[in-house]
Amino acid sequence: MLTSSLDMLEDSLIKKIDIMTKIEEENEKQREVLSSMDEAREPEFEQTVDRKMELIDQLELLDDGFQSLFDRVKEEVNGNRELYKDNIKRMQDLIKEITGKSASIEASEHRNKRLAEEFFSAARQKMNESKRSSAAAFNYYQTMNNFKDVPPQFLDNKH
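None of these values were measured; they are calculated from a predicted model.

Basis of the calculations
Residues numbered from 1 in each chain as written. Predicted model: local features only at pLDDT ≥ 70, side-chain atom pairs only at ≥ 80, totals over all residues. Heavy atoms only, no water. Helix = DSSP H or I, 4+ residues; strand = E, 2+ residues; numbered from the N terminus. Buried < 20%, exposed > 50% of the residue type's maximum accessible area, 1.4 Å probe, protein only. Contact = heavy atoms within 4.5 Å. Areas by Shrake-Rupley, 256 points an atom, 1.4 Å probe, with all protein chains shown as cover. Core = buried A, V, L, I, M, F, W, Y, C linked by side-chain atoms within 4.5 Å. Axes fitted to C-alpha atoms, helices over the stretch in contact; angles between N-to-C directions. Parallel < 35°, antiparallel > 145°, perpendicular 65-115°, else oblique. Left-handed = near helix turned anticlockwise from the far one by under 90°. Nonpolar A, V, L, I, M, F, W, Y, C, P; charged D, E, K, R; others polar. Polar contact = N/O pair within 3.5 Å; in protein donor to acceptor, adjacent residues only side chain to side chain. pLDDT = per-residue confidence, 0-100. Salt bridge = Lys/Arg side-chain N within 4 Å of Asp/Glu carboxyl O. Expected span 1.5 Å × (residues − 1). Bend = angle between axes of the 7 residues up to and from the residue.

Once that is clear, we can look at the overall build of the chain. A tally of helices and strands in the chain yields three helices and zero strands. Traced from its N-terminal end to its C-terminal end, the chain shows the element sequence α-α-α. Within the chain, the proportion of its 159 residues that are buried is 26%. Partitioning the contacts of the chain with sequence separation of at least 6, the portion at a separation of at least 24 is 85%. Element-wise, carbon and sulfur atoms account for 53% of the exposed surface of the chain, whose accessible area totals about 11,700 Å².

Here it is, written out as structure tokens:
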């Protein structure tokens with residue numbers, strides 16, 4: 001019973017590593033999209049965010065299941081550490097890998113956040129320039145429309 005529970009804990013850690021690898025891939029896709037500064041790629045950016053949210057939800061489910069199972073076997077494992085030392089060592093190695101991936105994901109999230117801020121700042125700036133151009137064109141149009149009501153005038157100083 002306990003051996004199968006420890007195997008399930010290991011499997012959970014392996015699945016977590018797999019999901020974290022997918023998150024790293026999505027972060028890389030986000031970096032590529034944000035680095036291009038192409039507004040046409042905004043839907044692609046949104047898709048990566050959606051996929052990452054799904055992966056994070058999966059991670060949370062795995063973590064909850066892991067913690068629940070771990071709480072059930074913790075006392076028995078601690079009481080017989082020598083008997084389960086191979087399982088414990090494998091899980092410790094997996095946890096080290098998870099910790100490394102967590103640090104990598106966090107760093108890429110910070111990098112992507114900066115890129116996103118630059119991307120959306122540039123998009124806002126383009127929108128503001130577009131608004132100013134539209135306002136100038138509208139003002140010109142209104143001004144020219146006002147001139148059609150003014151009759152032609154000659155200024156002749158030679159009477």
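Moving on, we come to the nonpolar core. Of all hydrophobic cores here, the largest spans 21 residues; its most connected members are Leu 6 and Leu 9. Elements supplying a minimum of two residues to this core: α1 (2–36), α2 (42–79) and α3 (85–147). Ranked by size, the runner-up nonpolar core spans six residues in total, among them Val 33, Leu 34, Ala 116 and Phe 119.

Contact geometry of α1 with α2 gives a least axis separation of 9 Å together with a crossing angle of 160 degrees. With respect to their mutual orientation, α1 and α2 come out roughly antiparallel. The handedness of the crossing between α1 and α2 comes out as left-handed. Looking at the contact of α1 with α2 residue by residue, the class counts come to 21 nonpolar, six polar and 10 charged.

Our next topic: the side chain of Lys 52. Mapped onto the secondary structure, Lys 52 falls in helix α2. In this structure the side chain of Lys 52 is engaged in a polar contact, spanning 2.4 Å, whose partner is the side chain of Glu 109. Contact partners of Lys 52, with chain neighbours within four places excluded, come to Ile 23, Glu 26, Asn 27, Gln 30 and Glu 109.

On to the confidence of the model for the chain, then. Counting all residues, the mean pLDDT for the chain is 87, and 87% of those residues have values of 70 or more. No element of the chain has a lower mean pLDDT than α3, at 85, and none a higher one than α1, at 95.

In this fold, Asn 27 is placed in helix α1. According to the relative accessible area criterion, Asn 27 is buried, its value standing at 0%. Within the local environment of Asn 27, its side chain forms a polar contact with the side chain of Ser 108, the two groups lying 2.8 Å apart. In this structure Asn 27 touches Lys 52, Ile 105, Ser 108, Glu 109, Arg 111 and Asn 112, once residues within four positions along its chain are discounted.

Next up on the list: the pattern of salt bridges. Tallied over the entire structure, the rule returns 11 salt bridges. Note that Lys 89 is salt-bridged to Asp 93, the shortest N-O span being 2.9 Å. You can see Lys 89 and its partner Asp 93 sitting in helix α3, four residues apart, about one turn around the helix. For Lys 89, a relative accessible area of 43% gives the class partly exposed.

Between the first and last C-alpha of α2 there are 54 Å, a value that for 38 residues agrees with the 56 Å anticipated at 1.5 Å per step. In α2, a bend of some 50 degrees at Val 73 exceeds every other bend along the element.

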